[in-house]
Amino acid sequence: MKCTRCRDSAELKLRAHNAAFCRTCFFEFFERRVLRAIERGRMIEAGERVLVAVSGGKDSLALWDVLARHGYATVGFHLALGIGEYSARSREACQRFASERGLQLEVTDLRAQDIAVPDLAWAARRPACAACGTAKRHFFDQAALDHGCAVLATGHNLDDEAARLLGNLMHWQTDHLARQRPVLPPPHPRFVRKVKPLFLTSELETASWAFMRGYDYVVEECPNAVGATQLTYKAALDKIEAASPGSKLFFVRDFVERGAAFFEKSAADRSAGVCTSCGQPSFGEICGFCSLRAQLERRRAARGETRRADG
Amino acid sequence: MKVRITPQGREIEVTGVRTVHGLLAHLGVLEGTVLVIRGEALLTTDSQLADDQTIEIRSVVSGG
Ligand code: SF4
Ligand SMILES: [Zn+2]
Ligand SMILES: [Zn+2]
């Protein structure tokens, strides 16, 4: 197979783009698409500091790398979730990545605060991923404020967004549909703008980029991801994509450009106040995270013990 | 050839497959959901394979 651009021998074929790339041409293609998404969406204004939430996986590390390489002022932020070996390896991957490139990385460790994800899930009697999502939202926002960042960037890729969109449509989650955008303006002056610069970049592309650039990223999945509905949606979308290349790109891009507007009204009804406990923006008197933490304290007190995930 | 499947860490022996396309079909894996790695390079589906090679099939899916 030949590179569509330079006729050199190709390493990667992207059926969605009807193109094949050699390594050099792919690097250019990849970065240009990410940077164009940032510009078109006006995701980051000149001079703004960006908090990049890094998990240790390929997507968020690729995002951090591209932003830093192109002169954006970034702070990497890793939330150590306290999910056994997986969390230990994820944290190491982030630290290695940062030190090899001389990047600033900040880490918050949930286990050290006695609120590891398995504990929070136990307290709330909810799936780990629900508790995890609540914790991530809280600490990402907090870290952005703490480190003077106006923007929070996450590594959600095209496949993540397509799977989420399918899930939101399957359940007619109109509130979620209204907020599923690659650029989310702050609903409160204390909140930061949330952006997803990889929303049109597939995980085949981020995986190829990470491999070609020699990242030592965490390939394994979080143990809680096994059997997650998100993966069922991804598998279904993979089949559609194989039969009709470019479907995911069309699905997500056209939702953002044309579909999302139909759902916006329902989001406009919600404006945030401030959590009386932690001072962060909240839609209720107490934010989701603070009520989760309070639940954990109550359940621990009722049991007269300190439950730990590993105990 | 020796085929390593990551992140599961499974290793299997496959013989008589001549191209990446054939290997993916043999494994029942959809094109575009994995990287096919030989040494330092990624392989496209038309790449030729030989029985004395070691290939890594690495999932590109991230979840959660
Ligand atoms: S799979 Fe669930 S628990 Fe694991 S990191 Fe993702 S959201 Fe958190
Ligand atoms: Zn080329
Ligand atoms: Zn709060």
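None of the values given here were measured: they were computed from a predicted structure.

Draft legend 1. Spatial organisation of the interface of chain A and chain B. Listed as interface residues are 28 residues of chain A and, on the opposing side, 22 residues of chain B. Taken over both partners, the interface formed by chain A and chain B buries close to 2000 Å², and the fraction arising from carbon and sulfur atoms is 61%. The largest share of the area that chain A buries against chain B comes from Met1, Glu11 and Phe211 of chain A, three residues that together contribute 27% of it. The tally of links between chain A and chain B comes to zero salt bridges. For the interface between chain A and chain B, the tally reads five residue pairs in polar contact (both at pLDDT 80 or more). For the side of chain A that touches chain B, the secondary structure elements donating two or more residues are β1 (12–14), α2 (58–69), α8 (203–212) and α9 (229–243) of chain A.

Draft legend 2. Looking closely at unusual backbone geometry. Backbone torsion omega between Thr6 of chain B and Pro7 of chain B reads 10°, so that peptide bond is classified as cis. On the secondary structure map, Pro7 of chain B appears in the loop between β1 (2–6) and β2 (10–13). Its identity is not glycine, yet Asp114 of chain A carries a phi of approximately 65°, on the positive side. With respect to the secondary-structure elements, Asp114 of chain A resides in the loop between β5 (105–109) and α4 (117–124).

Draft legend 3. Spotlight on the coordination of the zinc ion (ligand 3). Residue and element names in this part refer to chain A. For the zinc ion (ligand 3), the full set of protein donor atoms is Cys275 (SG), Cys278 (SG), Cys287 (SG) and Cys290 (SG), and the range of their distances to it is 2.3 Å. Note that the zinc ion (ligand 3) binds four donor atoms; their angles at the metal cover 106 to 113°, and the shape is tetrahedral. Look at where the donors of the zinc ion (ligand 3) fall in the sequence and you get C-x2-C-x8-C-x2-C. With a gap of twelve residues between them, Cys275 in the loop between β9 (273–274) and β10 (281–282) and Cys287 in the loop between β10 and α12 (288–303) connect regions that are remote in the sequence. Cys287 sits in the buried class, given a relative accessible area of 7%.

Draft legend 4. Broad picture of the packing of α9 of chain A against helix α10 (residues 247–259) of chain A. Residue and element names in this part refer to chain A. Between α9 and α10, the least distance of the axes is 8 Å, while the angle of their chain directions is 115°. Between α9 and α10, the angle is such that the two are roughly perpendicular. Of the residues in α10, those touching α9 at Leu237, Asp238, Ile240 and Glu241 are Ser247, Lys248 and Phe251.

Draft legend 5. Representation of the nonpolar core within the structure. Membership of the largest hydrophobic core comes to 57 residues, with the highest contact counts inside it found for Phe26, Trp64, Leu67 and Tyr215 of chain A together with Leu35 of chain B. Here the element with the most residues in this core is helix α1 (residues 23–40) of chain A; it accounts for eight residues. Setting aside anything within four residues of it in sequence, one finds Leu67 of chain A in contact with Ile38, Ile44, Val50, Val52, Tyr72, Thr74 and Ala153 of chain A. With 36 residues, the next largest nonpolar core counts Ala53, Phe77, Leu81 and Ala93 of chain A among its residues.

Draft legend 6. Looking closely at the coordination of the zinc ion (ligand 2). All names here are of chain A. Summarising the metal site, the zinc ion (ligand 2) is bound by the protein donors Cys3 (SG), Cys6 (SG), Cys22 (SG) and Cys25 (SG), whose distances to it range over 2.3 to 2.4 Å. One can describe the site at the zinc ion (ligand 2) as tetrahedral: its four donor atoms subtend angles covering 100 to 118° at the metal. Counting along the primary sequence, the residues that act as donors to the zinc ion (ligand 2) give the motif C-x2-C-x15-C-x2-C. Taken together, the positions of Cys6 in the segment before β1 and Cys25 in helix α1 put the pair 19 residues apart, joining distant regions of the chain.

Draft legend 7. Region of interest: the pairing of β1 of chain B. Residue and element names in this part refer to chain B. The pairing of β1 with β2 spans four bridges and is classified as antiparallel. Bridging from a neighbouring strand, Ile5 pairs with Arg10 of β2. With antiparallel pairing between neighbouring strands as the criterion, β1 and β2 make up a hairpin whose turn holds three residues, including Gly9 at a positive phi of roughly 80°. Alignment of β1 against strand β5 (residues 54–59), held across five bridges, turns out to be parallel. Bridge assignment links Lys2 to a residue of β5, and that residue is Thr54.

Draft legend 8. Geometry of the environment of Lys248 of chain A. Residues and elements named next belong to chain A. Structurally, the position occupied by Lys248 is in helix α10. As for Lys248 and Leu237, which are separated by eleven residues in sequence, their C-alpha atoms are 7.2 Å apart. Dropping the residues within four chain positions of it, Lys248 is found in contact with Leu158, Asp159, Ala162, Leu237, Asp238 and Glu241.

Draft legend 9. Up close: the sheet that holds β1 of chain B. All names here are of chain B. Here five strands make up an open sheet; going across it, the order is β2-β1-β5-β3-β4 and the pairing mixed. Each end of this open sheet is capped by a strand with a single partner; those strands are β2 and β4 (41–42). Along the sheet, helix α1 (residues 20–27) makes contact with β1, β2, β3 (34–38) and β5, crossing β5 at roughly 60°.

Draft legend 10. Molecular detail of a positive patch on the surface. Positive charge collects at one region of the surface, where Arg126, Arg137, Arg164 and Arg179 of chain A lie side by side. Accessibility expressed as a relative area gives 34% for Arg164 of chain A, which makes it partly exposed.

Draft legend 11. How the structure looks around a negative patch on the surface. Residues and elements named next belong to chain B. A contiguous patch of negative charge on the surface is contributed by Glu11, Glu13, Asp51 and Asp52. Within the fold, Glu11 resides in strand β2. Here Glu11 falls in the partly exposed class, since its relative accessible area comes to 47%.

So, how was this worked out
Here the residue numbering is sequential within each chain, running from 1 through the sequence in written order. Naming scheme: in the order in which they are written, chains are lettered from A and ligands are numbered from 1. Per-residue local features are limited, in this predicted model, to residues with pLDDT of at least 70; the limit for side-chain atom pairs, both in listing and counting, is 80 or more; totals at the level of whole chains, interfaces and linings are taken over all residues. Excluding hydrogens and water, the side-chain values take into account all heavy atoms of the structure. Whether two residues are in contact is decided by their heavy atoms, any of which lying within 4.5 Å being enough. Here's the idea: put two parts together, see how much 1.4 Å probe accessible area each one loses, and the total over both is what we call buried area. Each salt bridge in this description consists of a side-chain nitrogen of Lys or Arg and a carboxyl oxygen of Asp or Glu lying within 4 Å of one another. Polar contacts, as used here, are pairs of N or O atoms within 3.5 Å; protein pairs need one atom able to donate a hydrogen and one able to accept it. Residues neighboring in sequence count only if both atoms are side-chain atoms. Going along the chain from the N terminus, every DSSP run of H or I of four or more residues is numbered as a helix, and every run of E of two or more is numbered as a strand. Metal coordination here is assigned from N, O and S atoms located within 2.8 Å of the ion, or within 3.2 Å for Na, K and Ca; omission of water means that sites may look incomplete. Think of it this way: with four donors and all angles in the 85 to 135 degree range, the site is tetrahedral; with four or six donors, opposite ones beyond 155 degrees and the rest between 65 and 115, it is square planar or octahedral; otherwise it is irregular. A 1.4 Å probe rolled over the protein chains alone gives each residue an accessible area, and that area as a share of the maximum for its type sets the label: buried under 20%, exposed over 50%, partly exposed in between. The convention used is that axes are lines fitted to C-alpha atoms, helices contributing only their stretch in contact, and that angles between N-to-C directions extend from 0 to 180 degrees. For classification, angles of less than 35 degrees are called roughly parallel, those exceeding 145 degrees roughly antiparallel, those between 65 and 115 degrees roughly perpendicular, and all remaining angles oblique. Put simply, buried Ala, Val, Leu, Ile, Met, Phe, Trp, Tyr and Cys residues joined by side-chain atoms within 4.5 Å make one nonpolar core. The pairing criterion for strands is at least two bridges between them, as found by DSSP. The patch calculation keeps residues exceeding 30% relative accessible area without a salt bridge and links them within 9 Å when they carry like charges or within 5 Å when they are nonpolar (Val, Leu, Ile, Met, Phe, Trp, Tyr). Surface accessibility follows the Shrake-Rupley procedure with a 1.4 Å probe radius. Residue values consider only the protein chains on display as shielding. Charged-residue counts in this description rest on Lys and Arg as positive and Asp and Glu as negative, His and the chain ends being excluded. To locate a charge, take atom NZ for lysine, CZ for arginine, CG for aspartate or CD for glutamate.

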